[in-house]
Amino acid sequence: MSKIMDTNQDTLLFRFASKSLKYFLLVLFGIAIAYVLSSGLGILQIIPILLYLLQQFLLPVGIILLCFITIAVIIESLR
């Protein structure tokens, strides 16, 4: 008999990668909103802080998240 796979049987890594991607994209969206509002309202002192945050924190986190997603996709495709 073949084993029927339920749709809710995602691996822990896949669930972690998808939740992490969701929150990462929400943070990027929030930073984009802060950038547009600060530019529009003339509060230009926050723009270097946002750029520093993007370069020093979010870029490495994004690369690690991309690796997690790639590993999760490979593991799911092997199942």
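As the structure is a computational prediction, the values presented were derived from the model and not from experiment.

About the cut-offs
Residues numbered from 1 in each chain as written. Predicted model: local features only at pLDDT ≥ 70, side-chain atom pairs only at ≥ 80, totals over all residues. Heavy atoms only, no water. Phe/Tyr/Trp six-rings, centres within 6.5 Å; stacked < 30°, edge-to-face > 60°. Helix = DSSP H or I, 4+ residues; strand = E, 2+ residues; numbered from the N terminus. Buried < 20%, exposed > 50% of the residue type's maximum accessible area, 1.4 Å probe, protein only. UniProt positions renumbered as here; feature names shortened; annotations may be inferred.

S.K.: Can you help me understand the packing of aromatic side chains in this one?
M.R.: The description of an aromatic ring pair uses the distance of the two centres, along with the angle that the planes make with each other. Counted according to the given criterion, the structure contains one aromatic pair. On the basis of an interplanar angle of 80° and a centroid distance of 5.4 Å, the ring pair of Phe16 and Phe68 is categorised as edge-to-face. Within this pair, whereas Phe16 is found in helix α1 (residues 12–41), its partner Phe68 is found in helix α2 (residues 46–78), the two being separated by 52 residues in sequence. Of the residues examined, Phe16 reaches a relative accessible area of 45% and is grouped as partly exposed. Since its relative accessible area comes to 29%, Phe68 is described here as partly exposed.

S.K.: What's the story with the UniProt feature "transmembrane region" (unreviewed entry) in the chain in this structure? I'm lost.
M.R.: The UniProt entry lists residues 21–51 and 57–75 under the feature "transmembrane region" (unreviewed entry), expressed in the numbering used here. Span residues 21–51 is 87% helix and 0% strand, its end C-alpha atoms 20 Å apart. The span residues 57–75 shows a helical share of 100% and a strand share of 0%, and its end C-alpha atoms are spaced 27 Å apart.

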